[in-house]
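# Working through the structure, step by step
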Amino acid sequence: MVSLKGKDILHGNQFSKSELQAIMKVASDFEKELKGKGTIPLLKGKLVATLFFEPSTRTRLSFEAAMQRLGGGVISMGAVESSSVVKGETLSDTARTVAQYADVIVVRHPRIGSAKEAADAVDIPVINAGDGAGQHPTQALLDIYTIKKELGSMKNLKVSLVGDLKNGRTVHALVEVLSHFEVSLYFVSPSLLRMPEEITVQLKEKGCEVTETEDLALAASRSDLIYMTRIQKERFADLSEYEKVKGSYIINREFIDRLKKKITILHPLPRVDEINPDVDSYPGAAYFRQMRNGVYVRMALLSMILGKR
């Protein structure tokens, strides 16, 4: 039996294939059980604390929705400006404080390694909701759940990951998870924003087929799935560097139609200009369905780490 009880969720590489399959199964069960029901009160009396030091819409709301769908409650630090952080309180001390009130902590922070720092400071589970340009493991889990639902199988897939692969914590976590399956990966980015070399090397050591290119049309013509990401302006210390690469890759309906085949399109959102709204009506545009799947996957994680599934 797979058990995540009491575990922190910090990095895409922490999961075994059997754990991934178990999470997907529980998420699928919750998706079915929720139909016609408002809540599944497995976590009644439990509290999740959301500590978001960076902006968030989907991740924060889906975690809060997931906990409430499970009958639990939510407490939040609120705006950073109204917390003791502005008085100089460390992340570790903030986590220690919140651990007195909650059963699990979800943290997003601009510094790589911050989630582990919080986890090391407390005895309750911590979930990494994004640590700067580091990792976003729960996004990777909802991504593979979506891929399985949309395409029916994870086996022998060809996936193009496009955009800011240097700073994209979503793609850093996703490729770690995808490495458990027989996939071919195309990394499509400007040279300035290539996937970190250590990640590419590790993937190849695991036997993954990896191709790096700046040619989106070529990669897309060979792929079953396009995973678009935005160029992350907030990660650039020098905005002149951002100006060089913004708008590097844009897909619209004309681009999709030129492929002359069915292709699935995902995006962790928010989008800026990299997916034109005229793509939204395309049947393979799955990014809003992807967003909805986040609730089921996060329900699965919360229930499993609190020992209820």
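Everything discussed here concerns the structure shown above.
Bear in mind the structure is a predicted one, so any value in this text is a computation, not a measurement. (Residues numbered from 1 in each chain as written. Predicted model: local features only at pLDDT ≥ 70, side-chain atom pairs only at ≥ 80, totals over all residues. Heavy atoms only, no water.)

## Here's the deal with the sheet that holds strand 6 (residues 183–188)
Rules: Following DSSP output, two strands are said to pair if at least two bridges run between them. A helix here means a DSSP run of H or I that spans at least four residues, while a strand means a run of E at least two residues long, and both kinds are numbered starting from the N terminus. To obtain each axis, a line is fitted to C-alpha atoms, and for helices this fit is confined to the stretch in contact; angles are then taken between N-to-C directions over 0 to 180 degrees. Here a residue-residue contact requires only that any non-hydrogen atoms of the pair lie within 4.5 Å.
With respect to topology, 5 strands assemble into an open sheet ordered 7-6-5-8-9, the strand pairing being parallel. Since the sheet does not close on itself, it has two edges, and those belong to strand 7 (209–213) and strand 9 (264–266), each with one partner. Adjacent strand axes in the sheet meet at a mean angle of 20°, parallel and antiparallel pairs treated alike. Taken together, the 5 bridges between strand 6 and strand 7 define a ladder with parallel strand orientation. Counterpart to Tyr186 in the pairing with strand 7 is Thr211. Helix 5 (residues 137–151) contacts strand 5 (157–162), strand 8 (225–228) and strand 9 of the sheet and is inclined by roughly 165° relative to strand 9.

## Digging into the side chain of Gln139
In plain terms, the rule: Accessibility here uses a 1.4 Å probe with only protein chains present; expressed as a share of the type maximum, an area under 20% marks a residue as buried, one over 50% as exposed, and anything in between as partly exposed. Identification of polar contacts relies on pairs of N or O atoms within 3.5 Å, with a donor-acceptor requirement for protein atoms, meaning one able to donate a hydrogen and the other able to accept it, and with residues adjacent in sequence counted only if both atoms are side-chain atoms.
On the secondary structure map, Gln139 appears in helix 5. According to the relative accessible area criterion, Gln139 is buried, its value standing at 6%. Only 2.8 Å separates the side chain of Gln139 from the side chain of Asp143, close enough to count as a polar contact. Look past the residues within four positions of Gln139 in its chain and what remains in contact with it is Thr170, Tyr227, Pro268, Gln290 and Arg298.

## Here we look at the packing of aromatic side chains
Heads up, the condition is: Each Phe, Tyr or Trp ring, with Trp reduced to its six-membered ring, pairs with another whose centre is within 6.5 Å; inter-plane angles below 30 degrees give stacked pairs, above 60 give edge-to-face pairs, and intermediate values give tilted ones.
Throughout the structure, instances matching the rule amount to 2 aromatic pairs. Each ring, one from Phe236 and one from Tyr242, has its centre 5.6 Å from the other, and the planes form 70°; the classification is edge-to-face. By the burial criterion, Phe236 is buried, and Tyr242 matches it.

## So, the layout of surface pockets
This is how the line gets drawn: Using a 1 Å grid laid over the protein atoms alone, points where a 1.4 Å probe fits but cannot get out form a cavity; open sets with protein on both sides within 12 Å along at least 5 of 7 lines form a pocket; any residue with an atom within 4 Å of a point counts as lining. Grid points are joined across faces, edges and corners, and a volume is the space filled by probe spheres set on the points. Residue classes follow a fixed rule: Ala, Val, Leu, Ile, Met, Phe, Trp, Tyr, Cys and Pro count as nonpolar, while Asp, Glu, Lys and Arg count as charged, and any other residue, Gly among them, counts as polar.
Put simply, the largest pocket is a space of about 570 Å³. Contributing to the lining of the largest pocket are 29 residues, with Arg58, Arg108, Pro268, Leu269 and Pro270 lying nearest its centre. When contributions to the lining of the largest pocket are tallied by element, the ones reaching two or more residues are helix 2 (58–69), helix 5, helix 6 (169–178) and helix 11 (287–305). Residue contributions to the lining of the largest pocket peak at 5 residues, all from helix 11. Residue classes in the lining of the largest pocket are distributed as 8 nonpolar, 13 polar and 8 charged. Within this model, the second largest pocket holds a volume of roughly 280 Å³. Gln21, Met24, Ile144, Tyr145 and Lys148 are the residues nearest the centre of the second largest pocket, which is lined by 13 residues in total. At the level of elements, helix 1 (17–34) and helix 5 are the ones that each hand at least two residues to the lining of the second largest pocket. Here the lining of the second largest pocket takes 7 residues from helix 1, the largest share from any one element.

## Quick look at the sheet that holds strand 1 (residues 47–52)
Think of a sheet as strands paired side by side through backbone hydrogen bonds, with each pair either parallel or antiparallel. Spatially, the 4 strands line up as an open sheet ordered 2-1-3-4, and their pairing is parallel. The open sheet terminates on both sides in strands that have one partner only, identified here as strand 2 (73–76) and strand 4 (126–131). Neighbour-to-neighbour, the strand axes of the sheet open up by a mean angle of 20°, direction not taken into account. Two strands pair when backbone bridges link them, and strand 1 and strand 2 are joined in this way by 4 bridges, in the parallel orientation. Bridge assignment links Ala49 to a residue of strand 2, and that residue is Ile75.

## Here we look at unusual backbone geometry
A cis amide bond, omega 5°, links Leu269 with the succeeding residue Pro270. With respect to the element layout, Pro270 can be found in the loop between strand 9 and helix 11. With phi around 55°, Lys260 is a residue other than glycine that occupies positive phi space. In this structure, Lys260 sits in the loop between helix 10 (253–259) and strand 9. For Leu269, which is not glycine, the phi torsion reads 60° and is therefore positive.

## Quick look at the environment of Ile199
In this fold, Ile199 is placed in helix 7 (residues 197–205). Taking the C-alpha atoms as reference points, Ile199 and Lys260, 61 residues apart in sequence, are found 32 Å from one another.

## Concerning the side chain of Arg298
Keep this limit in mind: This count recognises Lys and Arg as positive and Asp and Glu as negative, with His and chain-terminal groups excluded. We define a salt bridge as a side-chain nitrogen of Lys or Arg found within 4 Å of a carboxyl oxygen belonging to Asp or Glu.
Along the chain, the position of Arg298 falls in helix 11. Of the side chains with opposite charge, Asp143 comes closest to the buried, unpaired Arg298, at an N-O distance of 7.9 Å. Sequence-distant contacts of Arg298, defined by excluding residues within four places in its chain, comprise Arg58, Thr59, Ser62, Phe63, Ala66, His136, Thr138, Gln139 and Leu142.

Limitation: the analysis is restricted to geometry and does not speak to function.
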